[in-house]
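Structural overview
What follows is each chain in one-letter form.
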Amino acid sequence: MRVLVSGCGSIGQRHARNLHSVGITELAVCDPDTDRTGPIAEELAIDSYDCFSKALTDFKPEAVFVCTPPVHHVSQSKRAIESGTHLFIEKPLSHSLAGLDELIEKAASSHRIVQVGYNLRFHPGIRELKRIVETDAIGTILWGRLEVGQYLPEWRPWQDYRQSYTARSELGGGIILDASHELDYACWFFGEPIEIKCMAGRVSNLETDVEDCASILLRFDSGAQIDIHMDFIQRCYSRSCKLVGSKGTAIWDYGTNEIKTWTTRTQTWETTKHPCEPNDMYIAEILHFMECVRAGTAPLSDLEQGRKVLKTALIAKTAANLNNGASSPCPT
């Protein structure tokens, strides 16, 4: 497979290295900033381009990894589909819903595989939580609390955080879109929410023009109520999930790679380990994408799922701006 990675920020460089490590030797990178493409191209001994159109024409990839800021995702993805490639699009799918219906139609009509990069779906801890939900191990899920937080200047310490897309609204930044992994696996577990409330804003003194802290409340058709907190202002990295069911509770902690469960049957806390090195998830999602391309099967996180997550995130952002977090109904 010939693969082009478009966008050589931290995630683009990670994907390039991982693609190379799993045996993709016909590989190229593209970014208008040659200071980004130069080092990774030299490191991996691969081709580099500073123009996306030229890369599509000259390199002729069979698959494109779109790792540019969200505002460029849809336009680059359409051009890649039109050139006949399969697509891996980094999360979030976009910064708005504009153009997504056309992209979905183009991908379907040309039988192209498109995967959205929600790598947490490949974490063994999240997969175990999914099993717990599906097997009724703690009964009907009544409520849950999902959390993620990390200090933005420490996300990519080699870069001025003020230049990252996360910090800039014109590039599709903000914590709600950038931390949409939690929204994704909540929707994966429970389906599309039927009601969304949100309070979000800029509460720190970091130099950004986006929301840096958000609390999103989701209600699902099952009756489950899920509270998601996300921020880029915590000085200590935190990621966890607590699910409370009619017959017990399950708590996952990313830092310890543990899941603790308490049920009415055991009447005690039991702990299981689900180890995962951070890069393992990224390798797993690449291998999954390649297998889907080979077999012609739908990926675990496809365009439709990515659209649902994006719609949920955008409704939350709108709700936070209306009436100080008033409820916003889901559009049909």
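In what follows, the structure referred to is the one given above.
We now turn to the structure provided with this report. Numbers given for residues are sequential positions, taken from 1 along each chain in its written order. pLDDT decides what is reported in this predicted model: residues at 70 or higher carry local features, side-chain atom pairs at 80 or more are listed and counted, and totals for whole chains, interfaces and linings draw on all residues regardless. Excluded from the side-chain calculations are hydrogens and water; all other atoms, namely the structure's heavy atoms, are used.

**Focus: the pattern of salt bridges**
Here a salt bridge means any side-chain nitrogen of Lys or Arg lying within 4 Å of a carboxyl oxygen belonging to Asp or Glu. Following the criterion strictly, the structure yields 26 salt bridges and no others. The partner of Arg2 in a salt bridge is Glu26, and the shortest N-O contact between them spans 2.8 Å. Of the two residues, Arg2 is situated in the segment before strand S1 (3-6) and Glu26 in the loop between helix H1 (10-21) and strand S2 (27-30); the sequence distance between them amounts to 24 residues. Relative accessibility under 20% of the residue-type maximum defines a buried residue, over 50% an exposed one, and the middle range a partly exposed one, all with a 1.4 Å probe and only protein chains included. Among the residues examined, Glu26 registers a relative accessible area of 38% and is labelled partly exposed. Notably, a salt bridge pairs Glu291 with Arg294, separated by 2.6 Å at the nearest N-O pair. Separated by three residues within a single helix, Glu291 and Arg294 lie in helix H9 (residues 278-295), roughly one turn from each other. You can call Arg294 exposed: its relative accessible area is 62%. Members of the salt-bridge network, linked through shared partners, are Lys78, Glu82, Glu102 and Lys106. The secondary structure listing takes helices from DSSP runs of H or I that are at least 4 residues long and strands from runs of E that are at least 2 residues long, numbered from the N terminus.

**What about the layout of surface pockets?**
Any empty space left between atoms is shown by rolling a water-sized probe over those atoms. Space inside and on the surface of the protein is sampled on a 1 Å grid over the protein atoms alone, with a cavity defined as a set of points where a 1.4 Å probe fits but cannot get out and a pocket as an open set with protein on both sides within 12 Å along at least 5 of 7 lines; lining residues have an atom within 4 Å of a point. Grid points are joined across faces, edges and corners, and a volume is the space filled by probe spheres set on the points. Put simply, the largest pocket is a space of about 1400 Å³. What lines the largest pocket is a set of 50 residues, among which Ser10, Ile11, Trp155, Arg156 and Asp178 lie closest to the centre. Going through the elements one at a time, H1, helix H4 (73-82), strand S7 (141-149), helix H7 (175-178) and H9 are the ones with two or more residues in the lining of the largest pocket. Broken down by element, the lining of the largest pocket gets its largest block of residues, five residues, from H1. Under the scheme applied here, ten amino acids are nonpolar (Ala, Val, Leu, Ile, Met, Phe, Trp, Tyr, Cys and Pro), four are charged (Asp, Glu, Lys and Arg), and all others, including Gly, are polar. The residue inventory of the lining of the largest pocket, partitioned by class, reads 22 nonpolar, 16 polar and 12 charged.

**Quick word on the side chain of Thr166**
As for its placement among the helices and strands, Thr166 is situated in the loop between S7 and H7. With relative accessibility at 0%, the residue Thr166 sits in the buried group.

**Notes on the environment of Leu87**
Inspection of the secondary structure assignment puts Leu87 in strand S5 (residues 86-90). With 24 residues separating them in the primary sequence, Leu87 and Ala63 have C-alpha atoms 5.6 Å apart.

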